[in-house]
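Survey of secondary and tertiary structure
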Amino acid sequence: MDKVYQPSGENKIYELWEKSGAFTPTIDKSKKPFSIILPPPNANEPLHAGHALYVVEDIMVRYHRMLGDPTLWLPGTDHAGIETQFVYEKHLKAEGKSRFDFDRDTLYKLIAEYVNKNRDIAVNQMKRLGFSMDWTRERFTLDEAHNQRVFAVFKKMCDDGLVYRDEKIVNYCTFCGTAFSNLEVVHKTVNSHLWYINYGPLEVATTRPETLLGDTAVAVNPSDPRYKKLIGTTITLPLIGRQIPVIGDDSVSSEFGTGAVKVTPSHSPEDYDMAKKHGLEFIRIFDYDGKANSNVVDKKYIGLFPNQLREAVVADLETAGLLTKTVDYTHEVGHCYKCGRPIEPITAPQWFVKIKPLAEKAIDVVKKDKVKIFPARFKKDFLTWMKDIRDWPISRQIVWGHRIPVWYNLDENPDILVSYIDANGKNISDYWKNLKDKYQEVALGLQTLLAPINSKHYLSLDEAKKVGPNVLQETDTFDTWFSSGQWPYSTLGWEPDGNHSEDFKYFYPTSVLDTMWDILFFWVARMIMMGVYVTGEIPFKVAHMHSRVLDGKGQKMSKSKGNTINPLSIVEAHGADALRMALVIGVAPGSDIALSEDKIRAQRNFVNKIWNASRFVMMTLDKFPDAKFDLPKKLTNASDQEIIDKLTKIITSTTSNIEKYKFGQASDDLYQFFWHDFCDVYLESTKDRGVEIVPVLTHVLVTSLKLLHPFIPYITETVYQELLPKIGGEEKLLISSSWPR
RNA sequence: GACCGCUUAGCUCAGUUGGCUAGAGCAUUUCAUUGACAUUGAAAAGGUCAGUGGUUCAAGUCCACUAGCGGUCACCA
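Summarised in this report is the structure supplied together with it. (Residues numbered from 1 in each chain as written. Chains lettered and ligands numbered in written order. Predicted model: local features only at pLDDT ≥ 70, side-chain atom pairs only at ≥ 80, totals over all residues. Heavy atoms only, no water.)

When helices and strands are tallied, chain A shows 22 helices and 28 strands. In terms of principal-axis extent, the alpha carbons of chain A reach across some 105 × 60 × 50 Å. Out of the 741 residues in chain A, the part that is buried amounts to 56%. Of the contacts formed within chain A by residues at least 6 apart in sequence, a portion of 78% connects residues at least 24 apart. When the accessible surface of chain A is split by element, carbon and sulfur atoms take 51% of a total near 31,600 Å². (Helix = DSSP H or I, 4+ residues; strand = E, 2+ residues; numbered from the N terminus. Buried < 20%, exposed > 50% of the residue type's maximum accessible area, 1.4 Å probe, protein only. Contact = heavy atoms within 4.5 Å. Areas by Shrake-Rupley, 256 points an atom, 1.4 Å probe, with all protein chains shown as cover.)

Structure, rendered in structure tokens:
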């Protein structure tokens, strides 16, 4: 044995485990299973330091496996809809191309090729980190089986009246070309102005003067004495001269601005609500590419982007003497979480899920701790968010994802707007009624279609075709979370026809779901809602939230700061065990994790300490070839007794800490026990003693290896394999050995 | 605007339901060492546990307020 532990043998150990079948559980109905579904990493990128925290799951999984529970850790990768398409579009841009250069199917195929090339990277890295996942059950979010389940659930939701289509205000990013849910909008503080504009008999104050062109009313508080008598009258909209009513609405505060609000129902959520209430007209002045359309009336405004339009409108108001004052004003503006540009609230036909019925059940199971959220403070966050939840827009105008399984017969819907690339490679956008003889060309080059809200649609291609041959499938895809929200039951083999797999029957509900708190609402909440709705059962009993991995100074890792730590280069340099231990030792549940080179080096030293302590024990064994290994019933030596007592204590505390998800405490205690109590004190004390030390020495070492194995599986298994020929024993692999009691 | 978290040794952090002279790693100082390990050992130094007030026999731990930092959610013009 070398004087220094070389982690280069870790790959061989992993192969040993995998070949042994230890990762694959045997269903045994007399035993209680333990199961974790891996939060699937994006298939399009290598792992980052955060992914290395899968170690928390590996700790639980290895612990339960050693307890003898049939233990399943099911791995997979995520197609990550918008994320991946965004990354791919960057590649396209580098080649001087864009998504508009391709028809839908071609673009999809290109992204799929790209993802397939990169998928294995993440998988191999997870293996390298020692994660004991059952690769025989590996899944991908675009597996055909998963797709079919997602589609079946969509159909079920349609049948149950939970899915509807509506043209509401949505968060739209004109650059990314898609709608987003509220969660995907980042609010940023913006220093702007409040513009006071003369509307004739009254004055309004606004942060968005450009949307004036889409105003369809002015609202005041009905009890405001200044404006009371104006309610019901009509005033003239500046610049374009349209007549709009003055309405009274309680939501208007008399104190803010002038107490009068311009109402732009197509570009403001509050105004949208007001317009629905008062039956106002909707005038959408921006198209989905972000440019002003013909509704702005004046030709010089057409084609301008919002910021350009603002400048133009403000200038024109000033010229006309209608801008009474401009004051500085700081407020929050929604921005696209992906590209960072301002979100344009805009009315657009989208698919929605009625969320209240699902949310109520989710609230119930969390309140009653049927799904226990850990650490507990996240429970409050969850319930607060869930209480005020809004309907979920599930359609995204991107190609990379599950295409919504809805078909339109074009001849029934002549006003469907289709965008396609024609035979000459030209981008065309026109209504079907103008394209009637071009079905083949449209279908072949189809990019997107935009169906008016009342379009007739079918939930199967065959049905749509019964009416006639000119059929197109919806081009929107599902929000990624609509698909990944179904991940637990889908990966285990829930079937729409009720003919569920043995895996599903045995392993569902799963035991623990571990993920970072930043996707508590995005993912955990959706899984709970979907799981309860679809299967009638919770998807997991415990939602364990871990924290963010930060750099050594406690700062967020980012490429621009250059402080990212690549987990794989750490593994190359110091071994997976050092990284794993550094990620968990001394970390309190749910608190941030500062990961530094120093910390990793310290843990590498610990791994080496284990190596050398084991070397010492083996040298001792060589010294006493005739030694027996059975522990005597009664220990006569005080230091023997002391180390055995401490061992008993550490077994108890480690077990209880793992059960309570206190991995930081458990690993810290083990570190102290092994290095201080065992090495520095006990091993030193044995150096001048005889053969009688062998049973205690080997017992404590083997037990320590077992306790440490969930945290640092490679070194412990490596040492165990070296030790085994010398001490014999029934248990051939540490990974499948029994947990000390 | 609402809610949440953090503030403990030079640095990064532990400290479970309040209970021994407040701990670890790294860094620092001194010494040791051909003997399992220099990726080592022994020892030392280092903290009014953010501040103020309160509850208690007892507070880093519970309560209130203050200050600083960080975060999450949110349709106000």
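If you check the shell around RNA strand B, you find 48 residues, and the closest are Phe256, Val261, Glu270, Arg390 and Trp675. Each atom of RNA strand B within 4 Å of the protein was classed as base or backbone; sugar and phosphate made up 67%. Within the contact set of RNA strand B, a sugar or linking oxygen lies 2.5 Å away from a backbone nitrogen or oxygen of Ala205. In the environment of RNA strand B, a phosphate oxygen lies 3.2 Å from a nitrogen or oxygen atom belonging to the side chain of Lys687. Contributing elements (two or more residues each) for the surface near RNA strand B: strand E8 (203–206), strand E13 (323–336), helix H9 (377–387), helix H18 (597–623) and helix H20 (663–686). Its residues placed into classes, the surface near RNA strand B shows 18 nonpolar, 15 polar and 15 charged. (Near = heavy atom within 4 Å. Polar contact = N/O pair within 3.5 Å; in protein donor to acceptor, adjacent residues only side chain to side chain. Nonpolar A, V, L, I, M, F, W, Y, C, P; charged D, E, K, R; others polar.)

Read from one edge to the other, the open sheet built from four strands follows the order E10-E11-E9-E12, with strand pairing classed as mixed. The sheet is open, and its two borders are formed by strand E10 (234–236) and strand E12 (260–263), each paired with just one other strand. Taking the axes of each pair of neighbouring strands and ignoring which way they run, one obtains an average angle of 35° across the sheet. Sheet analysis places strand E9 (residues 217–220) next to E12, joined by four bridges and oriented antiparallel. For Ala217, the partnering residue across the bridge sits in E12 and is Val263. (Pairing = 2+ DSSP bridges. Axes fitted to C-alpha atoms, helices over the stretch in contact; angles between N-to-C directions.)

So, about the sheet that holds E8. Pairing is antiparallel across the open sheet formed by three strands, whose spatial order is E8-E7-E13. Each edge of the open sheet is held by one strand with a lone partner, namely E8 and E13. The sheet shows a mean angle of 20° between the axes of neighbouring strands, taken without regard to direction. Pairing analysis gives 13 bridges linking strand E7 (residues 185–198) to E13, with the strands arranged antiparallel. Residue pairing for E13: His187 is matched across the bridge by Gly334.

Before going further, it helps to spend a moment on the nonpolar core. Counting 99 residues, the largest nonpolar core has Leu579, Leu583, Phe674, Phe678 and Phe711 as its most contacted members. If one sorts the elements of this core by residue count, H20 sits on top with ten residues. Discounting residues that sit within four places of it in the chain, Leu579 has contacts with Ala52, Leu129, Pro567, Ile570, Val571, Leu595 and Ile600. Core analysis: the second largest hydrophobic core is formed by 71 residues, Phe154, Leu513, Met527 and Met530 among them. (Core = buried A, V, L, I, M, F, W, Y, C linked by side-chain atoms within 4.5 Å.)

Burial of the side chains of strand E2 (residues 71–74) extends over both faces: Thr71 and Trp73 are buried on one face and Leu72 and Leu74 on the other. As defined by bridge partners, strand E1 (residues 34–37) adjoins E2 across four bridges and the pair is classed as parallel. Looking at the pairing, Phe34 lines up with Thr71 of E2. With helix H2 (residues 55–67) bridging E1 and its parallel neighbour E2, the resulting β-α-β unit is right-handed. (Right-handed = clockwise from strand over helix to strand, strands pointing away.)

Taken as a whole and assessed by the stated rule, the structure comprises 38 salt bridges. In this structure, the salt-bridge partner of Asp159 is Lys155, at a minimum N-O distance of 3.8 Å. In this pair, Asp159 and Lys155 both sit in helix H5 (residues 144–159), four residues apart, roughly one turn of the helix. Its relative accessible area of 39% is what places Lys155 among the partly exposed residues. We note a salt bridge from Lys646 to Asp677, for which the minimum N-O separation is 3.5 Å. Highlighted residues: Lys646 in helix H19 (residues 638–659) and Asp677 in helix H20, separated in sequence by 31 residues. Overall, Lys646 belongs to the partly exposed group, its relative accessible area being 32%. Residue classification places Asp677 among the buried positions, given a relative accessible area of 16%. Members of the salt-bridge network, linked through shared partners, are Arg208, Glu210, Arg310 and Glu344. (Salt bridge = Lys/Arg side-chain N within 4 Å of Asp/Glu carboxyl O.)

Moving on, we get to the environment of Asp388. Checked against the element boundaries, Asp388 lands in the loop between H9 and strand E16 (392–393). Here Asp388 falls in the exposed class, since its relative accessible area comes to 51%. Each C-alpha atom of the pair Asp388 and Ala359 lies 9.6 Å from the other, and the pair is 29 residues apart in sequence.

Residue pairs spaced three or four apart in an α-helix point in one direction, given the helix's 3.6 residues per turn. With 22 residues, H19 extends 32 Å from end C-alpha to end C-alpha; this agrees with the ideal 32 Å at 1.5 Å per step. Of all the positions in H19, only Asp640, Ile643, Ile644, Leu647, Ile650, Ile651, Thr654, Asn657 and Ile658 are classed as buried. Taken down its axis, H19 places every buried residue within 160° of arc, on the same side. When the buried face of H19 is taken as reference, the exposed residues oriented beyond 90 degrees from it are Ala638, Lys649 and Thr652. On its buried side, H19 packs onto H2, H20 and helix H21 (694–708). (Expected span 1.5 Å × (residues − 1). Arc of directions from axis to C-beta.)

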